[in-house]
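Chain residues, written in single-letter form:
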Amino acid sequence: SNPLKWLIWISACAMYSFLAGELVRWYTRARRRVSDKHRMQVLWNLLLLLGFLWTIYPIVWMLAEGSRTASPGVEAILYSVLDLSSLGGFTLICMKSVTPLLRTKKSRRVRVHASASDIQLTAFTPDATGAEMGRKILRLA
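Predicted model, so just to flag it, every value in this text is computed and none were measured.

J.: Whenever I open this one, the overall build of the chain confuses me. Can you help?
T.: From N to C terminus, the chain includes 3 helices and 3 strands. When its helices and strands are written in sequence order, the chain yields α-α-α-β-β-β. Counting all 141 residues of the chain, 21% fall into the buried class. Partitioning the contacts of the chain with sequence separation of at least 6, the portion at a separation of at least 24 is 35%. Per element, the accessible surface of the chain, about 10,000 Å² overall, is 67% carbon and sulfur.

Structural data, given as structure tokens:
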């Protein structure tokens with residue numbers, strides 16, 4: 001058991017605690033200044049997701065590398081789940097929050113399509129006959 005690795009881990013946890021506190025203070029100040037409740041709810045959801053998942057990373061390290069109670073295979077699985085949850089959750093919250101902001105008075109709905117290579121947003125608006133016509137409004141490839 002190398003004491004240096006625990007010193008580095010404690011230092012990293014202290015830095016994380018400081019940064020988490022700063023994010024909460026930043027959110028509190030922003031909530032007083034921003035009147036759009038939708039945007040603040042999106043920001044709050046992102047902060048909760050990342051705060052929860054980022055708190056689990058040091059716990060996994062403590063079990064895997066620190067105390068060697070988890071096997072390398074379990075460690076790899078846990079880190080993979082955390083990475084996918086962080087990235088996937090963050091992306092889904094962002095995409096879900098963009099949809100209402102892209103709606104116009106004319107458009108009935110907005111569809112978000114994501115694949116491994118691109119993200120496409122399509123707004124559906126009624127034409128003169130009342131049938132919906134899709135119009136691509138954003139494509140990130």
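J.: So what exactly am I meant to see when it comes to the packing of aromatic side chains here?
T.: Where two aromatic rings form a pair, the distance of their centres and the angle of their planes describe that pair. Across all of its chains, the model carries 5 aromatic pairs by this definition. With centroids separated by 5.4 Å and ring planes inclined at 80°, the aromatic side chains of Trp6 and Trp61 adopt a geometry described as edge-to-face. A residue pair is termed long-range when its members are at least 10 positions apart, and Trp6 in helix 1 (residues 3–33) and Trp61 in helix 2 (residues 37–66) qualify at 55 residues. Judged by centre distance (5.1 Å) and plane angle (40°), the ring pair of Tyr27 and Trp44 falls under tilted. In this pair, Tyr27 is assigned in helix 1 and Trp44 in helix 2, connecting sequence segments 17 residues apart. Take Trp44: its relative accessible area is 33%, and that puts it in the partly exposed class. Chaining the aromatic ring pairs together yields one cluster made of Trp6, Trp9 and Trp61.

J.: Even after reading the chapter, I still don't get unusual backbone geometry, so can you show me in this structure?
T.: Glycine aside, residues mostly have negative phi, and peptide bonds are mostly found in the trans state. The phi dihedral of Arg68 falls on the positive side, at around 55°, and the residue is not glycine. Looking at Arg68, the relative accessible area reads 59%, which means it is exposed.

J.: Would you mind showing me how to read the environment of Tyr27 here?
T.: Overall, the relative accessible area of 8% leaves Tyr27 in the buried class. Sequence-wise, Tyr27 and Leu43 are 16 residues apart; in three dimensions their C-alpha atoms are separated by 8.0 Å.

J.: Would you take a moment to explain the pattern of salt bridges for this structure?
T.: When the charged atoms of two side chains with opposite charge come close together, those side chains can pair. On inspection of all chains with the given rule, the structure shows 2 salt bridges. Across the pair Arg68 and Glu65 runs a salt bridge, and its minimum N-O distance is 3.8 Å.

J.: What is the right way to look at the side chain of Ser86 in this model?
T.: Mapped onto the elements of the fold, Ser86 is located in helix 3 (residues 72–102). What Ser86 contacts, discounting residues up to four positions off in sequence, is Leu49, Leu53 and Tyr57.

J.: Whenever I open this one, a positive patch on the surface confuses me. Can you help?
T.: A contiguous patch of positive charge on the surface is contributed by Arg29, Arg31, Arg32 and Arg33. In this fold, Arg32 is placed in helix 1. Since its relative accessible area comes to 65%, Arg32 is described here as exposed.

J.: Any chance you could explain the layout of surface pockets here in plain terms?
T.: Left-over empty space is what a probe sized like a water molecule reveals as it rolls over the atoms. Reported here for the largest pocket is a volume of approximately 220 Å³. As for the largest pocket, its lining consists of 13 residues, of which Leu23, Val24, Leu47, Leu48 and Gly51 are closest to the centre. Elements supplying a minimum of two residues to the lining of the largest pocket: helix 1 and helix 2. For the lining of the largest pocket, the element with the highest residue contribution is helix 2, accounting for 8 residues. Grouping the constituent residues of the lining of the largest pocket by class yields 12 nonpolar, 1 polar and no charged.

Calculation rules
Residues numbered from 1 in each chain as written. Predicted model: local features only at pLDDT ≥ 70, side-chain atom pairs only at ≥ 80, totals over all residues. Heavy atoms only, no water. Helix = DSSP H or I, 4+ residues; strand = E, 2+ residues; numbered from the N terminus. Buried < 20%, exposed > 50% of the residue type's maximum accessible area, 1.4 Å probe, protein only. Contact = heavy atoms within 4.5 Å. Areas by Shrake-Rupley, 256 points an atom, 1.4 Å probe, with all protein chains shown as cover. Phe/Tyr/Trp six-rings, centres within 6.5 Å; stacked < 30°, edge-to-face > 60°. Salt bridge = Lys/Arg side-chain N within 4 Å of Asp/Glu carboxyl O. Patch = residues over 30% accessible without salt bridge, like charges linked within 9 Å, V, L, I, M, F, W, Y side chains within 5 Å. Lys, Arg positive; Asp, Glu negative; His and termini not counted. Charge placed at Lys NZ, Arg CZ, Asp CG, Glu CD. 1 Å grid on protein atoms, 1.4 Å probe; cavity = no way out; pocket = protein on both sides within 12 Å on 5 of 7 lines; lining within 4 Å. Points joined across faces, edges and corners; volume = space filled by probe spheres on them. Nonpolar A, V, L, I, M, F, W, Y, C, P; charged D, E, K, R; others polar.

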